[in-house]
Amino acid sequence: MDPTQAPIEAAHDFSFLGLFLQADPIVKGVMILLVIASIACWTVVFEKIIRLAAARRQAKAFATLVRSGGSLDGEHRGIAGHVVKAAIDAWRDQDSSETRAERRDRIERAMKGALTLEVKRLRTGLSLLATSGSTAPFVGLFGTVWGIMNSFSSIARSQDTSLAVVAPGIAEALFATAIGLVVAIPAVMAYNKLSSDVSGIQSTFSSYISVLGNRLARDRAGAHRAAAE
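Residues numbered from 1 in each chain as written. Predicted model: local features only at pLDDT ≥ 70, side-chain atom pairs only at ≥ 80, totals over all residues. Heavy atoms only, no water.

In this section: the nonpolar core. Side chains of a nonpolar character, in soluble globular proteins, are inclined to be buried together. Judged by nonpolar contacts, the single largest core of 34 residues is most densely connected at Phe-62, Val-83, Leu-129, Phe-205 and Leu-212. If you list the elements that add at least two residues to this core, you get helix H3 (25-68), helix H4 (78-92), helix H5 (100-123), helix H6 (126-158) and helix H7 (163-218). Filtering out sequence-adjacent residues up to four positions away, Val-83 remains in contact with Phe-62, Met-111, Ala-114, Leu-115, Phe-205 and Ile-209. Of all hydrophobic cores here, the second largest spans 10 residues; its members include Leu-34, Ala-136, Ile-179 and Ala-184. (Core = buried A, V, L, I, M, F, W, Y, C linked by side-chain atoms within 4.5 Å. Buried < 20%, exposed > 50% of the residue type's maximum accessible area, 1.4 Å probe, protein only. Helix = DSSP H or I, 4+ residues; strand = E, 2+ residues; numbered from the N terminus. Contact = heavy atoms within 4.5 Å.)

Axis separation between H3 and H5 bottoms out at 10 Å; the angle between their running directions is 155°. Classified by the angle between their axes, H3 and H5 sit roughly antiparallel to one another. Side by side, H3 and H5 meet where Lys-48, Arg-51, Leu-52 and Ala-55 of the first sit next to Arg-121, Leu-122 and Arg-123 of the second. Partitioning the contact of H3 with H5 into residue classes produces 3 nonpolar, no polar and 4 charged. (Axes fitted to C-alpha atoms, helices over the stretch in contact; angles between N-to-C directions. Parallel < 35°, antiparallel > 145°, perpendicular 65-115°, else oblique. Nonpolar A, V, L, I, M, F, W, Y, C, P; charged D, E, K, R; others polar.)

Mapped onto this numbering, the UniProt entry gives "transmembrane region" (unreviewed entry) at residues 26-46, 126-149 and 169-191. In residues 26-46, helix accounts for 100% and strand for 0%; the two terminal C-alpha atoms are 31 Å from one another. Across residues 126-149, helical content stands at 100% and strand content at 0%; the span's end C-alpha atoms are separated by 35 Å. (UniProt positions renumbered as here; feature names shortened; annotations may be inferred.)

With that settled, consider the packing of aromatic side chains. Here the structure, examined in full by the defined rule, presents 3 aromatic pairs. Ring geometry for Phe-62 against Phe-205: centres 5.2 Å apart, planes inclined by 35°, an arrangement best described as tilted. With a gap of 143 residues between them, Phe-62 in helix H3 and Phe-205 in helix H7 connect regions that are remote in the sequence. Phe-205 shares its class with Phe-62; the two are buried. (Phe/Tyr/Trp six-rings, centres within 6.5 Å; stacked < 30°, edge-to-face > 60°.)

Turning our attention to the environment of Leu-72. By the element assignment, Leu-72 lies in the loop between H3 and H4. When the C-alpha atoms of Leu-72 and Ala-87 are compared, they prove to be 9.1 Å apart, with 15 residues separating the residues in sequence. Excluding its chain neighbours within four sequence positions, the residues that come into contact with Leu-72 are Leu-65, Val-84, Ile-88, Leu-212, Arg-215 and Leu-216.

The next subject is the packing of H3 against H4. Closest axis-to-axis distance for the H3/H4 pair is 7 Å, and the angle between their directions is 40°. Here H3 lies oblique to H4, going by the angle between them. Touching Ala-55, Gln-58, Phe-62 and Leu-65 of H3 are Gly-78, Ile-79, Ala-80, Val-83 and Val-84, all from H4. Across the contact of H3 with H4, the residue classes break down as 7 nonpolar, 2 polar and no charged.

The first and last C-alpha atoms of H4 sit 22 Å apart over 15 residues, in line with the 21 Å expected at 1.5 Å per residue. All of the buried residues in H4 are Ile-79, Ala-80, Gly-81, Val-83, Val-84, Ala-86, Ala-87, Ile-88, Ala-90 and Trp-91. (Expected span 1.5 Å × (residues − 1).)

Below is the structure:
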């Protein structure tokens, strides 16, 4: 064994922390960027899990309210509250020249407008997951390419093609790609799941908005009484 190789091998720590600390400044910057992106993505995921759980309960409560034909008076929270408020406001703001179809269409548009705003808020942050999922592998690949270039530079300087010379740089480079995949894979999976959940909540509200709009369009006399109060 060549004694000159022993210090080189001993000088490199191939643990995750060691690969990071010994990496080239550019590769290290790529790793830090990817870790920050991962933290941001997981923050969005946990926040969305909590908000979507509440929105799902509100959707079920709205569906139960519409199916039961109960009164719209009372306190309704969250998305359901905004949709119900939009329905009541549109129900009261009508005139005798409207047909039932026109009245129903106007009430439904008001409710769907309120729903659209709330769904937009639910989707806030999902674009970060989509962006991270699509770009993180390429950011990690950039770090890999840069690290491999450094490895080739080491070969040229030392005129030595042994593993002791090229292994550290290649390991650091591949570690950057690994971090990119660790960021991207959960981000893509979370984006697909959360987007599907938001769409399901929106679909539930939309289905019962049509039912409620038809019900309010029939209650013309009640609307006149409410407007006169």
